[in-house]
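Tertiary structure, described
Residues per chain, in single letters:
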Amino acid sequence: MIRRLLISTWLLLLLAACATGPSVPARQACEASSFTLVDDFAGARRGRCAATGDNEVRITILPESDGYINDSAWFAYKVVPKTNATIAITMNYRGGHHRYKPKLSYDGIGWSALPDEQVRVSIDKRQAIVTLPVDDRAFWIAGGELLTPPLYDVWTTKMASTGQTRPSVLGRTPGGNPITLLQSNNEAKDVLFLVGRQHPPEISGAVAFFAFYEALMADTALAGEFRQRFHVIAIPMLNPDGVIGGNWRHNLGSTDLNRDWGPFRQAETQLVETLLNTLDSEGKRIRVFLDFHSTRKNVFYTQNDANPTDPPHFTRIWLENAKPRIENYEFNYEENPVDNIGVAKNYMYKRYRIPSSTYEVGDETDRAAIIAAARVFAEELMELMIAQF
Ligand SMILES: [Zn+2]
């Protein structure tokens, strides 16, 4: 009996081995009989891949660096069908867990989350199996919308065409990619400073950033008055190398940029430090700082009463003013002591004693709700800055 069991196990293993095609590394097309899985585009992360049947592949999603990395297991790949079929993609995670709902796009612009019944996640979240029918259309599957530098460039051009903001290049990354800087009204002494996309997979925070900045540049009486009074400085994407690489967290230097404000060991953060030094030498006063991110919920992280800001309680007043105007977007603000971790919020508080917040958006928060809320947050911030400075 035991012997028969052993033989059948051995046979099963042999059969499984026969069904498995050659395993290919990342950045090489992975062929099943009915489709090809490619990862040759900006933002891709697919990892090693092998066909496990005519309509099935297995991929290994890995972070970009060894050692500890934040559990934000980004994935992005393109499916190019050869025939109509129902296909299955088994995603095995190493160094992290399934976190982002797989989303699908046929054109790279419109995205929708796959229905839950098409995504089977293991109890330990180390594996997710995506099953779906395909026709002759190619499509992308990713942990979130592919908001990569080419799309940012289109957006920047659109913003510049309003005549309200001037783009320039703050500097280049080790990967040779430009970091875009947006400025409006350089004549004003008081500054609002915004930063985005330090962390590559944090798409919902990027959606908030775009809507927030558009509200600041809008053709409204409030935004017009605000721009008369304040110099708005924005760095929409501080980590283009990480975004292009489909990284979970780091830049090319295997570093979390949002732990490097203060040490400034990375080229990207050094560019920020130089900019801050220049602003100081010009007699500018940064009044408010916001850094856009994503996490598992909508929350603002800011200073507590042990770390008073100038003006006092500014962030609390701002968010309380916004709250009654916001629907379908639950959020909190969490006031914490300022510690020695090199996050942007801490550094900017310690350097300037200003209201300084991390604007966190839930990974899966409804995109229309993010946009509507960001507009209100921007409007209430403008009102309060006009009133208080
Ligand atoms: Zn983040």
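Just so it is clear, the model here is predicted, and its values are computed rather than measured.

Thresholds applied
- Residues numbered from 1 in each chain as written.
- Predicted model: local features only at pLDDT ≥ 70, side-chain atom pairs only at ≥ 80, totals over all residues.
- Heavy atoms only, no water.
- Donors = N, O, S within 2.8 Å, 3.2 Å for Na, K, Ca; no water.
- Tetrahedral: all angles 85-135°; square planar, octahedral: opposite > 155°, others 65-115°.
- Buried < 20%, exposed > 50% of the residue type's maximum accessible area, 1.4 Å probe, protein only.
- 1 Å grid on protein atoms, 1.4 Å probe; cavity = no way out; pocket = protein on both sides within 12 Å on 5 of 7 lines; lining within 4 Å.
- Points joined across faces, edges and corners; volume = space filled by probe spheres on them.
- Helix = DSSP H or I, 4+ residues; strand = E, 2+ residues; numbered from the N terminus.
- Nonpolar A, V, L, I, M, F, W, Y, C, P; charged D, E, K, R; others polar.
- Domains from an automatic or database assignment.
- Contact = heavy atoms within 4.5 Å.
- Buried area = accessible area lost by both parts, 1.4 Å probe.
- Salt bridge = Lys/Arg side-chain N within 4 Å of Asp/Glu carboxyl O.
- Pairing = 2+ DSSP bridges.
- Phe/Tyr/Trp six-rings, centres within 6.5 Å; stacked < 30°, edge-to-face > 60°.
- Right-handed = clockwise from strand over helix to strand, strands pointing away.
- Axes fitted to C-alpha atoms, helices over the stretch in contact; angles between N-to-C directions.
- Parallel < 35°, antiparallel > 145°, perpendicular 65-115°, else oblique.
- Left-handed = near helix turned anticlockwise from the far one by under 90°.
- Disulfide = S-S within 2.5 Å.

1. As for the coordination of the zinc ion
Of the protein atoms, only H199 (ND1), E202 (OE), E202 (OE) and H293 (ND1) coordinate the zinc ion, at distances of 2.1 to 2.4 Å. For the zinc ion, the 4 donor atoms are set out with angles of 57 to 146° between them, so the coordination reads as irregular. Considered as a linear motif, the donors of the zinc ion on their single chain read H-x2-E-x90-H. According to the relative accessible area criterion, E202 is buried, its value standing at 6%.

2. Some points on the layout of surface pockets
Considering only enclosed or pocket space, the largest pocket measures out at about 390 Å³ in volume. Every residue lining the largest pocket is counted, 20 residues in all, and those nearest its centre are N258, R259, Y301, V343 and E360. Of all the elements in the fold, those that place two or more residues in the lining of the largest pocket are strand 16 (285-295), helix 8 (344-352) and strand 19 (356-362). Per-element tally for the lining of the largest pocket: the top contributor is strand 16, with 3 residues. Taken together, the residues of the lining of the largest pocket break down into 4 nonpolar, 9 polar and 7 charged. Space inside the second largest pocket adds up to approximately 330 Å³. Taken together, 15 residues make up the lining of the second largest pocket; nearest its centre are I109, L147, L151, V207 and F210. Top element by residues in the lining of the second largest pocket is helix 2 (residues 149-161). It accounts for 4 residues.

3. A closer look at the domain arrangement of the chain
Each assigned domain of the chain is listed with its residue range as follows: domain 1 (19-142) and domain 2 (149-388). Centre-to-centre, using C-alpha coordinates, domain 1 lies 32 Å away from domain 2. Domain 1 puts 27 residues into the contact, and the matching count from domain 2 is 18 residues. Together, the buried faces of domain 1 and domain 2 total about 1700 Å²; carbon and sulfur atoms form 53% of this surface. Sorting the residues of domain 1 by area buried against domain 2 places E64, W74 and R99 first, and these three jointly supply 32% of that buried surface. Our count for the contact surface shared by domain 1 and domain 2 stands at 2 salt bridges.

4. What about the pairing of strand 16?
In terms of residue burial, strand 16 counts as a mostly covered element, since 10 of its 11 residues are buried. The pairing of strand 14 (residues 190-196) with strand 16 spans 7 bridges and is classified as parallel. Its bridge partner being in strand 16, L192 is matched across the sheet by V288. By the bridge criterion, 7 bridges tie strand 16 to strand 19 in an arrangement that is parallel. Paired with S294 across the strands is V361, a residue of strand 19.

5. A look at the packing of aromatic side chains
Each aromatic ring pair is described using two quantities: the centre-to-centre distance and the angle formed by the ring planes. On inspection of all chains with the given rule, the structure shows 30 aromatic pairs. Residues F209 and F292 carry aromatic rings whose centres are separated by 5.3 Å and whose planes lie at 85° to one another, so their mutual orientation is edge-to-face. Of the two residues, F209 is situated in helix 3 (residues 203-216) and F292 in strand 16; the sequence distance between them amounts to 83 residues. Residues F209 and F292 agree in their burial class; the two are buried. With a centroid separation of 6.1 Å and 70° between ring planes, the pair formed by Y329 and F377 is classed as edge-to-face. Of this pair, Y329 sits in the loop between helix 7 (314-322) and strand 18 (332-336) while F377 sits in helix 9 (residues 367-388); the two residues are 48 residues apart in sequence, bridging distant segments of the chain.

6. Here we look at the pairing of strand 17 (residues 299-303)
For strand 17, the tally of buried residues reaches 4 of 5 residues, placing the bulk of the element in the interior. Bridge count between strand 17 and strand 18: 5 bridges; the pairing is parallel. Directly across from Y301, in strand 18, lies its bridge partner E334. Handedness of the crossover is the feature at issue here: the chain leaves strand 17, passes through helix 7, returns alongside strand 18, and the resulting connection is right-handed. Direction of pairing for strand 17 relative to strand 19: antiparallel, over a ladder of 3 bridges. The residue of strand 19 that forms the bridge with Y301 is T358.

7. Some thoughts on the packing of helix 7 against helix 9
Contact geometry of helix 7 with helix 9 gives a least axis separation of 9 Å together with a crossing angle of 130°. With respect to helix 9, the element helix 7 is oriented oblique. The two elements helix 7 and helix 9 meet at a crossing, and its hand is right-handed. On helix 9, the residues that touch F314, I317, W318, L319, N321 and A322 of helix 7 are V376, F377, E380, L381, L384, M385 and Q388.

8. Here we look at the state of the cysteines
If you walk through the whole model with that rule in mind, you get 1 disulfide. Paired through a disulfide, C30 and C49 show a sulfur-sulfur distance of 2.0 Å. On the S-S bond that ties C30 to C49, the torsion sits near -75°, and the link is left-handed. Here the residue C30 occupies a position in strand 1 (residues 30-31), and C49 occupies one in strand 3 (residues 49-53), the gap between them amounting to 19 residues. C30 sits in the buried class, given a relative accessible area of 1%. Taking relative accessible area as the criterion, C49 reaches 1% and is therefore assigned buried.

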